[in-house]
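Reading the structure
Listed below are the residues making up each chain.
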Amino acid sequence: MAEEFDPSTHPHRRLNPLTGEHVLVSPHRTKRPWLGQTEAPSAPSLLKYDPQCYLCPGNSRSGGQKNENYVNTFVFENDFAAVLPGPPPTAPSVPHPLLQTEPVAGGCDVLCFHPRHDLTLARLELSDIEHVINEWVSIYLRRGKQEGIKYVQIFENKGAIMGCSNPHPHGQTWSLSEVPTLPATELASLARYAADPASPVAEGAPRGADGKPCLLCEYAHFEIGVAEAEGRVVVKNEHWVALVPWWATWPFEILLLPYHRHITSIDTLSANEKKTFADILSRVTKRYDNLFSTSFAYSMGIHQSSTPGSNDEAHLHLHFAPPLLRSATVRKFLVGFELMAEAQRDLTPEQAAGRLRALSEVHYLDVLEQEAAARTEA
Ligand SMILES: [Zn+2]
Ligand SMILES: [Zn+2]
Ligand SMILES: [Zn+2]
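Counting of residues starts from 1 at the beginning of each chain's written sequence and follows it residue by residue. Chain labels run from A onward and ligand labels from 1 onward, assigned in the order the entries are written. Residue-level local features of this predicted model are given only where pLDDT is at least 70; pairs of side-chain atoms are given and counted only at 80 or more, and the full residue set underlies all totals for whole chains, interfaces and linings. The side-chain values count all of the structure's non-hydrogen atoms but skip hydrogen atoms and water molecules.

Focus: the coordination of the zinc ion (ligand 2)
Within the protein, the zinc ion (ligand 2) binds to C214 (SG), C217 (SG), H262 (ND1) and H315 (ND1); these donor distances fall in the range 2.0 to 2.3 Å. Geometry at the zinc ion (ligand 2) is tetrahedral, judged from its four donor atoms and the angles of 104 to 115° they form at the metal. Metal donors: N, O and S atoms at distances within 2.8 Å, or within 3.2 Å for Na, K and Ca, with water omitted from the atom set so that some sites may seem incomplete. When the donors of the zinc ion (ligand 2) are listed by position in the chain, the intervening gaps give C-x2-C-x44-H-x52-H. Taken together, the residues C214 in the loop between α2 (181-195) and α3 (215-225) and H262 in the loop between β9 (254-258) and α4 (271-291) connect sequence positions 48 residues apart. Angle rules define the geometry names used: all angles between 85 and 135 degrees makes four donors tetrahedral, while opposite donors over 155 degrees apart and all other angles between 65 and 115 make four donors square planar and six octahedral, leaving every other case irregular. To qualify as a helix, a DSSP run of H or I must reach at least 4 residues; to qualify as a strand, a run of E must reach at least 2; elements of each kind are numbered from the N terminus.

This is the structure in structure tokens:
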């Protein structure tokens, strides 16, 4: 007789219902015990203000423009934008139907989260994170209502190993005349779930517009009901839950979403939903930094309605895709089998969630500072 299936022991595949992609899970390879931190905590040697930084207040950028002496957040149009303002030229004729092309127009904005060069979301005050959230809302509204714009992607790419050359806390927004591949795929999955009367909706779970099933309302509701010890929830507050999704590709990937009601986009958050959004962003990023006592690198993106008020089935959520695997320097690469076949992981999402759940929400640098202060007093 075949052994009973145990997802913490037996190799298996999991399906990502948002993208339709699978991830191969090989938990039998992680039998070695978790040895924890082996490198000394990295204390940053960053200046509060860096005269060479093109994002610090009052400094000049390479195009010659001067940054404002901002005190909270600061937005400017990217001097090296990936797309140009519309209207785009008409589609060219192509030499073969296999060579499809479509012109794309749009705009790219840079958002400095804070004037301090040495801080990150994990070390900002909640009121500062609320400033960032409000700025995301206003960029989303401004760009999303611009003629010809069909999609607004807000994201943060953080850390040198992610190819982000400047540590100054900042994110970007790319607004396009087309919906890009990944959000288009996810929106189609959400639409299919909403349109199918057979889609599961648990008793008491929130629903989407017109009472239709919502894939993410349902998923968040399910995860919150799983016993903590065997579940994937890392942290939750009154409105938001951060979890390592069942189908996570990256070792410590997080899906962050509101679970109380179907929320389509950040411009429809209540005051309290914004406040608790800042709270959970702070707690997630602190835990991330504490995992390997380093400023944790990641790409983070906000997925929501393509543009404000667009009649799609979006449920607001954030993805955190961090590459680190075992320490501040050992990262996962999506190469080989993963590039040629499908994503693969050893650590199960449940194990990853357990590790993130066990961490403190006091930032390790604050602990180091307190220890140093205590030594000075003694
Ligand atoms: Zn700076
Ligand atoms: Zn929903
Ligand atoms: Zn998404």
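A few points about the sheet that holds strand β1 (residues 12-15)
With respect to topology, three strands assemble into an open sheet ordered β1-β2-β12, the strand pairing being mixed. Either end of the sheet is taken by a strand with one partner, and the two such strands are β1 and β12 (343-345). Sheet twist, expressed as the mean angle between neighbouring strand axes with direction ignored, is 30°. The pairing criterion is simple: DSSP has to find at least two bridges between the two strands. Relative to strand β2 (residues 22-25), β1 runs antiparallel, the two sharing four bridges. What sits directly across from R13, in β2, is L24. Helix axes are fitted to C-alpha atoms over the stretch in contact, other axes to C-alpha atoms as well, and angles between N-to-C directions run from 0 to 180 degrees.

A word on the sheet that holds strand β4 (residues 106-112)
Across the sheet, which stays open at both edges, the nine strands sit in the order β3-β4-β6-β5-β10-β11-β9-β8-β7 with antiparallel pairing between neighbours. Both edges of this open sheet fall to β3 (74-77) and β7 (233-236), since each of them pairs with a single strand only. Geometrically, the sheet is characterised by an average inter-axis angle of 20° between neighbouring strands, direction not taken into account. The strands touched by α2 are β5 (151-158), β10 (298-303) and β11 (317-321); relative to β10, the strand with the most contacts, the crossing angle is about 50°. Whether two residues touch is decided by their heavy atoms; if any such pair falls within 4.5 Å, the residues are in contact.

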